[in-house]
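# Summary of structural features
One-letter residues, chain by chain:
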Amino acid sequence: MPEPNFIDKLNAALPTPSREALGALTRAARARSLALYAVGGSVRDLLLERPTQDLDLTLEGDAPTLARDVAAGLPGVRCTVHSAFGTSTLIGDAFRIDVASARAESYERPGALPAVRPGSLRDDLLRRDFTLNAIAVALTGDDAGGLIDPFHGETDLEAGLLRALHEAGFRDDATRILRGARYEARLGFRFEPQTLRWLRRDVRYLETISGPRLRDELLRLLHEPQPERILLRLDELGALAAIHPSLSFGERRAAAFARLRELRDEPPVTASLALLAWELTPSDAAALAARLALTRREAEAVRAAPEAKALLPALSADIPPSRAVDLLSPLPAAAMWALVAAAEGPPADRALRFLRRWRHLKPLLDGHALVALGVPPGPQLGEVLHRLQAAKLDGEVRTRHDEETLARAILSGTAAMKTTPSRSS
Ligand code: ATP
């Protein structure tokens, strides 16, 4: 039987625009007698017959020059270059192709960014996280179309195993622990036993990873279809505690993640982050947000999680909707979604009603209408509006006429301003 031609398979898996760009890159490399390879996740996914996302190519030569020259001849395709790393990206309307110079890496200390120098394809494969990501398809030369698999990644793929390429892999770059747990869940694979021993031994090196890199990997795993499975595994491996000592994850929270997905097709990642921080104290939540170098919105969601949890007793009490709205309004929506998913009974019902209905409910009278009724512009206007909204939430007013009657009564002092107690009261 003839050997399968992986270039044909790759082309068949790619949408037309990236197939054309790949063809142009391959022709240009061939014309310059440079060896070009497809590598990494796209080759793995091809072998697993899973849809391929972005394509990664490795060139034994100057990748940015090749990429720039090719992009210049492709209408609508841009090229970005990081000369220091020898990497470049072709960006079309609906595709990205990374083209990198083959390189060897060495780590001066755990967690540091590696020192890179030009290397061979083998060097380039050896610096990768797992054997299943260290398989190449030759795109040029006599071997074009064949697999290059010096570390037997295909055998591990067939066996469903995640095997580190060498003993120091997790110590050099502990983000590989998060990546591995992500692949385990996504592909239904498991760590090969020796790899798992190295991982457990070196899990503490997660402490050496910078906040931005940790954040990137964490966000990637939160975007997977079932992040809770990955988080349970990371908890069991001691990886969450290595990220921050206060961080843990159990079955109850896993159920909350699943519930969040039932409520929203694509839960915002800020809601997932708030759920992750659900059990934390306010100071631990703030410390976690700082450790992960979260953006302002993400950090707000994480810091608001303990605040939302602290509202549970008040939200369980027999209170009117207007009181629940006063309690919930200061929270960012992400923390409220976490509350809906993590809590049960009245607090969850009330937060859901707030998100779906109450927060959109406005009085029929606006500021102009109230001024026309004789309410002086200024702080009192806001108070009257708030009072009208509370009355509407609690079913005390229904029509515009009801609202006007109430506004007049407030003005004449015959209707009390409903108190709007602060959260601490
Ligand atoms: P995904 O399907 O999740 O995008 P991917 O395999 O395409 O996964 P990328 O993060 O895009 O992953 O990285 C591309 C390739 O670069 C990987 O397949 C792997 O070979 C290598 N790689 C990425 N990050 C690391 C790392 N931290 N250590 C070693 N190799 C890595």
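So, here is what we can say about the structure in this document. (Residues numbered from 1 in each chain as written. Predicted model: local features only at pLDDT ≥ 70, side-chain atom pairs only at ≥ 80, totals over all residues. Heavy atoms only, no water.)

## With respect to the overall build of the protein
So the rule is basically this: Each helix is a run of DSSP H or I of at least 4 residues and each strand a run of E of at least 2, with the numbering of both proceeding from the N terminus. Only C-alpha atoms enter the radius of gyration, while the globule expectation follows 2.2 Å times N to the 0.38, with N the number of residues. Only protein chains enter the area calculation, which uses a 1.4 Å probe; residues under 20% of their type maximum are buried, those over 50% are exposed, and those in between are partly exposed. The contact criterion used is simple: two residues touch if any of their non-hydrogen atoms lie within 4.5 Å. Only the protein chains shown count as cover for residues, and all accessible areas are computed by the Shrake-Rupley method using a 1.4 Å probe. Counting rule applied: Lys, Arg positive; Asp, Glu negative; His and chain ends not counted. To locate a charge, take NZ of a lysine, CZ of an arginine, CG of an aspartate or CD of a glutamate.
Within the protein, the regular secondary structure consists of 23 helices and eleven strands. Taking 2.2 N^0.38 as the reference for a compact globule, 425 residues should give roughly 22 Å; the C-alpha atoms of the protein span a radius of gyration of 28 Å, well beyond that estimate. Each of the three principal axes of the protein carries a C-alpha extent, and together these read 95 × 50 × 40 Å. Evaluated residue by residue, the protein yields a buried proportion of 51% over its 425 residues. Of all intrachain contacts in the protein linking residues separated by at least 6 positions in sequence, the fraction that spans at least 24 positions is 63%. Counting only carbon and sulfur atoms, one obtains 51% of the accessible surface of the protein, whose full area is about 20000 Å². Averaging the positions of the 56 positive and the 56 negative side-chain charges in the protein gives two centres separated by 4 Å.

## Considerations on the pattern of salt bridges
Test applied: Throughout this description, the term salt bridge denotes a Lys or Arg side-chain nitrogen within 4 Å of a carboxyl oxygen of Asp or Glu.
Summed over all chains, the structure comprises 30 salt bridges. Here Glu192 and Arg163 are joined by a salt bridge, their closest N and O atoms 3.7 Å apart. On the criterion of sequence distance, the pair formed by Glu192 in the loop between strand 11 (190-191) and helix 9 (193-202) and Arg163 in the loop between strand 10 (161-162) and helix 7 (169-172) is long-range, its members being 29 residues apart. Classification of Glu192 by relative accessible area gives buried; the value is 10%. On the accessibility criterion, Arg163 (30% relative accessible area) is partly exposed. Its salt-bridge partner being Arg387, residue Glu396 comes within 3.5 Å of it at the nearest N-O pair. Under the relative-accessibility criterion, Arg387 is labelled buried at 10%. Within this structure, Asp129, Arg179, Arg182, Arg186, Glu217, Arg220 and Glu224 form a network of salt bridges that share partners.

## Digging into helix 22 (residues 379-393)
Given 3.6 residues per helical turn, the α-helix brings residues three or four places apart onto the same face. In plain terms, the rule: Helix span, expected: 1.5 Å multiplied by one less than the number of residues in the helix.
Taking 1.5 Å as the rise per residue, helix 22 with 15 residues should run 21 Å; its terminal C-alpha atoms sit 21 Å apart, in good agreement. Along its buried surface, helix 22 packs onto helix 18 (321-328), helix 21 (367-372) and helix 23 (400-411).

## Brief notes about the site of the ligand
In plain terms, the rule: By convention in these notes, a residue is near a molecule or strand provided one of its non-hydrogen atoms lies within 4 Å of it. In protein, a polar contact requires one atom able to donate a hydrogen and another able to accept it; more generally it is a pair of N or O atoms within 3.5 Å, and residues adjacent in sequence count only if both atoms are side-chain atoms.
The local shell around the ligand holds 16 residues, among which Asp173, Arg176, Arg182, Arg186 and Arg220 are the closest. Interatomic distance of 2.6 Å between a side-chain N/O atom of Arg186 and an oxygen atom of the ligand. Starting from 590 Å² of accessible surface for the ligand in isolation, the protein chains cover 78%. Every element with two or more residues in the shell around the ligand is listed here: helix 3 (41-47) and helix 8 (175-187).

## Notes on the packing of aromatic side chains
Where two aromatic rings form a pair, the distance of their centres and the angle of their planes describe that pair. Rule in force here: We call Phe, Tyr and Trp rings a pair once their centres come within 6.5 Å, taking the six-membered ring for Trp, and we label the pair stacked below 30 degrees between planes, edge-to-face above 60, and tilted otherwise. By the criterion adopted, a ring carries a charge over it if an Arg CZ or a Lys NZ lies within 6 Å of its centre and within 35 degrees of its normal.
Counting across every chain of the model gives four aromatic pairs. Centroid distance Phe130 to Phe191: 6.2 Å. Interplanar angle 50°. Geometry classified as tilted. With Phe130 in the loop between helix 5 (121-126) and strand 8 (136-138) and Phe191 in strand 11, this pair connects stretches of sequence that are 61 residues apart. In textbook terms, an aromatic cluster arises when at least three aromatic residues are bridged by ring pairs, as seen for Phe130, Phe170, Tyr183 and Phe191. One residue, Arg182, lies across the ring of Tyr183, its end atom 5.3 Å from the ring centre.

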